[in-house]
Amino acid sequence: MTGETTKKPAKKQAAQPVLLSGGNPQIAKGYGDEPIQAYIAAMPGWKSDVGRRLDALIEKTVPDVHKAVKWNSPFYGIEGDGWFLGLHCFNTYIKLAFFRGTALDPVPPVASKTAETRYFHIYEGDTLDETQLADWIRQASRLPGERM
């Protein structure tokens, strides 16, 4: 058979997570560190480095933290006691949701439609006050968690 060419099989590439509207990674629901790390790796641009710093700070502050990805967002909590913190990526910032944020001192600056929830936004180039973040994380982890 002259003139025929043989085709090489296409190389499979690891599927990259889809970024949903607003730039939030679409990660399958799962419990434990593995889905959290997949989410962090898929955070676009500067957000991935900040995500790694936040995850390390949360683990350092609450060594027995329970982790999950639900609704394409990382959640942190105390096993059996619910979730105290969630993260979500938007085009220009990362939103930290403290589910009992109105009980924190000082109260995180951004209000929510949900009465007890307060937000803290992190933008590119922000200097993170890790002392304040760790204090909020510590306080939040000691409050009753949100059941989701």
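As a starting point, this report considers the structure included with it.

Cut-off values and rules
- Residues numbered from 1 in each chain as written.
- Predicted model: local features only at pLDDT ≥ 70, side-chain atom pairs only at ≥ 80, totals over all residues.
- Heavy atoms only, no water.
- 1 Å grid on protein atoms, 1.4 Å probe; cavity = no way out; pocket = protein on both sides within 12 Å on 5 of 7 lines; lining within 4 Å.
- Points joined across faces, edges and corners; volume = space filled by probe spheres on them.
- Helix = DSSP H or I, 4+ residues; strand = E, 2+ residues; numbered from the N terminus.
- Nonpolar A, V, L, I, M, F, W, Y, C, P; charged D, E, K, R; others polar.
- Axes fitted to C-alpha atoms, helices over the stretch in contact; angles between N-to-C directions.
- Parallel < 35°, antiparallel > 145°, perpendicular 65-115°, else oblique.
- Left-handed = near helix turned anticlockwise from the far one by under 90°.
- Contact = heavy atoms within 4.5 Å.
- Phe/Tyr/Trp six-rings, centres within 6.5 Å; stacked < 30°, edge-to-face > 60°.
- Lys NZ or Arg CZ within 6 Å of the ring centre and 35° of its normal.
- Expected span 1.5 Å × (residues − 1).
- Buried < 20%, exposed > 50% of the residue type's maximum accessible area, 1.4 Å probe, protein only.
- Salt bridge = Lys/Arg side-chain N within 4 Å of Asp/Glu carboxyl O.
- Core = buried A, V, L, I, M, F, W, Y, C linked by side-chain atoms within 4.5 Å.

### Concerning the layout of surface pockets
Any space left empty among the atoms is revealed by the rolling of a water-sized probe across them.
Thinking step 1. The volume enclosed by the largest pocket comes to roughly 260 Å³.
Thinking step 2. Around the largest pocket sit 17 residues that line it, and Phe 75, Ala 97, Phe 99, Tyr 119 and Met 148 are the ones nearest its centre.
Thinking step 3. Going through the elements one at a time, strand E3 (73-78), strand E4 (82-89) and strand E5 (93-98) are the ones with two or more residues in the lining of the largest pocket.
Thinking step 4. In terms of residue class, the lining of the largest pocket is built from eight nonpolar, six polar and three charged.

### Some details on the packing of helix H2 (residues 46-61) against helix H3 (residues 130-141)
Between two packed helices, the angle of one axis relative to the other and the distance separating the axes together describe the packing.
Thinking step 1. One can describe the packing of H2 onto H3 by two numbers: an axis separation of 10 Å at closest approach and a directional angle of 55°. Between H2 and H3, the interaxial angle falls into the category oblique. The two elements H2 and H3 meet at a crossing, and its hand is right-handed. Where H2 approaches H3, its residues Arg 53, Leu 54, Leu 57, Ile 58 and Thr 61 are matched on the opposing element by Glu 130, Leu 133, Ala 134, Ile 137 and Arg 138.
Thinking step 2. In terms of residue class, the contact of H2 with H3 is made up of six nonpolar, one polar and three charged.

### Details of the packing of aromatic side chains
Aromatic rings in a pair are described by how distant their centres are and how their planes are angled relative to each other.
Thinking step 1. Considering all chains together, one arrives at seven aromatic pairs under this definition.
Thinking step 2. Chaining the aromatic ring pairs together yields one cluster made of Trp 71, Phe 75, Trp 83 and Phe 99.
Thinking step 3. A cation over a ring is seen here: Lys 95 above Tyr 119, with NZ or CZ 4.0 Å from the ring centre.

### Notes on H2
Thinking step 1. Relative to the 22 Å expected for 16 residues at 1.5 Å per residue, H2 spans 23 Å between its end C-alpha atoms, a close match to the ideal helical length.
Thinking step 2. Those residues of H2 lying buried are Trp 46, Lys 47, Ser 48, Val 50, Gly 51, Leu 54, Asp 55, Leu 57, Ile 58 and Thr 61.

### Describing the pattern of salt bridges
Thinking step 1. What the rule picks out here adds up to seven salt bridges.
Thinking step 2. Between Glu 116 and Arg 100 there is a salt bridge, with the nearest N and O atoms lying 3.5 Å from each other. Placement of the pair is Glu 116 in the loop between strand E6 (110-111) and strand E7 (118-123) and Arg 100 in the loop between E5 and E6, with a sequence separation of 16 residues.
Thinking step 3. A single salt-bridge network, built from bridges that share partners, covers Asp 33, Asp 55, Glu 59 and Lys 67.

### Brief notes about the packing of helix H1 (residues 33-42) against H2
Thinking step 1. Closest axis-to-axis distance for the H1/H2 pair is 8 Å, and the angle between their directions is 150°. In this view, H1 runs roughly antiparallel relative to H2, as classed from their interaxial angle. Residues Asp 33, Ile 36, Gln 37, Ile 40 and Ala 41 of H1 lie in contact with H2, whose contacting residues are Ser 48, Gly 51, Arg 52, Asp 55 and Glu 59.

### Considering unusual backbone geometry
Thinking step 1. Of note, the bond from Asp 105 into Pro 106 is cis; its omega dihedral lies within 30 degrees of zero at -5°.
Thinking step 2. By secondary structure assignment, the location of Pro 106 is in the loop between E5 and E6.
Thinking step 3. Positive phi, close to 60°, is recorded for Asn 72, a residue that is not glycine.
Thinking step 4. When you line up the elements, Asn 72 lands in the loop between strand E2 (66-70) and E3.
Thinking step 5. A relative accessible area of 18% means that Asn 72 is categorised as buried.

### Let's talk about the nonpolar core
Thinking step 1. Tyr 76, Phe 84, Leu 85, Leu 96, Phe 98, Ile 122 and Ile 137 are the most contacted members of the largest nonpolar core, which has 30 residues in total.
Thinking step 2. For this core, the secondary structure elements donating two or more residues are H1, H2, E4, E5 and H3.
Thinking step 3. Among all residues touching Ile 122, those that are not within four sequence positions of it are Trp 46, Val 50, Leu 54, Thr 92, Tyr 93, Ile 94, Leu 96 and Leu 128.
Thinking step 4. Counting six residues, the second-largest nonpolar core is a separate cluster that includes Ala 68, Phe 75, Trp 83 and Phe 99.

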